[in-house]
Amino acid sequence: MTVISLISSTKCFGGLQKIYSHQSKELACEMKFAVFLPATAEDRRLPVLYWLSGLTCNETNFIQKAGAQRYATENNLIIVCPDTSPRNVNIPGEDDSWDFGSGAGFYIDATKEPWSKHYRMYSYITQELIDVVNNNFPTVANKMSIAGHSMGGHGALICALKNPGLYKSVSAFAPISNPTKCPWGEKIFSGYIGEDKRDEWKNWDATELVAGYNGPPLELYLDQGSEDSFLKDGQLNPQNLVDASRAAQVPCVLNMREGYDHSYFYVASFIGEHIAYHARHLQ
């Protein structure tokens, strides 16, 4: 069993908001994650919602800004928030850019050197972290859902689409929905996979993956602010995913939120709806 070390524990809405560290075998470095345990976790096992944060974030942004603990308590859910990338692995250039390297793992498994040794966030999220959480906390092992914001929304979608049946539900706030067709994706995939391997990029793009989805019924529950500057800049492209889902006959909901931007003010405004959505699927 993986040894985890408690960094902090704070009472919140009757439960405990904790942060832990552990040595990750998948990423070959120390990683941190946050876990919120409602009071009911003291005497029974609960389902888990995994939350993936966006570019520049770490394990603290969501737990400090979204106000999700209130809704986790109301719905009896454990929420787990991992960091967004490996840290301090001494790769030249890892801290040079806000949208590549540290804080920008993009939830894929890199195949290009020197990133391939450490930047394996997809395998970390879908395998190692699940084992760590199930072995250390009172979870219902087969009841998991996943959600995220921006880069993390992209991560949630690909984790669900690439692992049919692993998650009971998936939702995403302002996800990078078609990364093979946007500047962020071009930069990330070129660096982590290779400019010359564009066919492999499609394996990490929700709009491409939904066409081949073959598994238990899965609805893609998307949320998007109308005044999101990244939407206007062509980084997010949610309609591409909606269209591809429709063509593949995969249910897809896009909630357009008039006047909202890309920030955690927006996420906090609707996180209650998303947690209630997941709670229904996790019953």
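Our subject is the structure listed above.
First, a word on what this report is: a plain description of the structure on this page. Not measured: the values here are computed from a predicted model.

**A short note on the overall build of the protein**
Across its full length, the protein carries ten helices and nine strands. In terms of C-alpha radius of gyration, the protein reaches 17 Å, essentially the compact-globule figure of 19 Å for 283 residues. When its C-alpha atoms are laid out on the principal axes, the protein stretches across 50 × 40 × 35 Å. The buried share of the protein, taken over its 283 residues, is 58%. Nonlocal contacts in the protein, meaning residues at least 24 apart in sequence, comprise 71% of its contacts between residues at least 6 apart.

**Quick notes on empty space enclosed by the protein**
Applying the stated criterion to the full structure yields one cavity of 30 Å³ or more. Its boundaries defined by the atoms lining it, the largest cavity holds a volume of some 30 Å³. For the largest cavity, the full set of lining residues is Gln-17, Phe-36, Phe-62, Ile-63, Ala-68, Gln-69, Ile-79 and Cys-81. Sorting the residues of the lining of the largest cavity by element identifies α1 (61–65), α2 (68–75) and β5 (78–82) as the ones contributing at least two each. Each residue belonging to the lining of the largest cavity can be placed in one class, and the counts come to six nonpolar, two polar and no charged.

**What to know about unusual backbone geometry**
The omega angle of the peptide bond from Glu-113 to Pro-114 is 0°, so this bond is cis rather than trans. Note on placement: Pro-114 falls in the loop between β5 and α3 (121–136). The phi angle at Phe-106 is positive, at roughly 65°, despite the residue not being glycine. Exposure remark for Phe-106: the relative accessible area of 0% places this residue in the buried category.

**Things to note about the pairing of strand β3 (residues 29–37)**
Here is the key point about a regular strand: its side chains alternate between the two faces of the sheet. Judged by how many residues are buried, β3 sits mostly within the fold: seven of nine residues are covered. One ladder, built from nine bridges, connects strand β2 (residues 15–24) with β3; its direction is antiparallel. Looking at β3, one finds that Ile-19 is bridged to Ala-34. Between the antiparallel neighbours β2 and β3 lie four residues, among them Ala-28 with a positive phi of about 55°. The pairing of β3 with β5 spans four bridges and is antiparallel. Bridged to Val-35 within β5 is Val-80.

**Let's talk about the environment of Ala-104**
Among the secondary structure elements, Ala-104 is positioned in the loop between β5 and α3. Given the relative accessible area of 0%, Ala-104 is considered buried. C-alpha of Ala-104 to C-alpha of Met-151: the two residues are 47 residues apart in sequence and 8.0 Å apart in space. With residues near it in sequence (within four places) discarded, Ala-104 still touches Leu-55, Thr-84, Ser-85, Trp-98, Asp-99, Met-151, Ile-188 and Tyr-192.

**Here's the deal with the sheet that holds strand β6 (residues 139–149)**
The strand order across the open sheet built from nine strands is β1-β2-β3-β5-β4-β6-β7-β8-β9, with neighbouring strands paired in mixed fashion. With partners counted over all chains shown, the strands left at the sheet margins are β1 (4–12) and β9 (252–257), one partner each. The mean inter-strand angle of the sheet, taken between neighbouring strand axes irrespective of direction, is 20°. Sheet topology note: the strand β4 (residues 46–52)/β6 ladder contains six bridges and is parallel. Counted as the bridge partner of Tyr-50 is Ile-146 from β6. Relative to the sheet, α3 contacts β1, β2, β3, β4, β5 and β6, its axis offset from that of β2 by approximately 120°. Against the sheet, helix α10 (residues 264–282) makes contact with β4, β5, β6, β7 (170–173), β8 (220–225) and β9, and its axis sits at roughly 175° relative to β7, the strand it touches most.

Analysis parameters
- Residues numbered from 1 in each chain as written.
- Predicted model: local features only at pLDDT ≥ 70, side-chain atom pairs only at ≥ 80, totals over all residues.
- Heavy atoms only, no water.
- Helix = DSSP H or I, 4+ residues; strand = E, 2+ residues; numbered from the N terminus.
- Rg over C-alpha atoms; globule rule 2.2 N^0.38 Å.
- Buried < 20%, exposed > 50% of the residue type's maximum accessible area, 1.4 Å probe, protein only.
- Contact = heavy atoms within 4.5 Å.
- 1 Å grid on protein atoms, 1.4 Å probe; cavity = no way out; pocket = protein on both sides within 12 Å on 5 of 7 lines; lining within 4 Å.
- Points joined across faces, edges and corners; volume = space filled by probe spheres on them.
- Nonpolar A, V, L, I, M, F, W, Y, C, P; charged D, E, K, R; others polar.
- Pairing = 2+ DSSP bridges.
- Axes fitted to C-alpha atoms, helices over the stretch in contact; angles between N-to-C directions.

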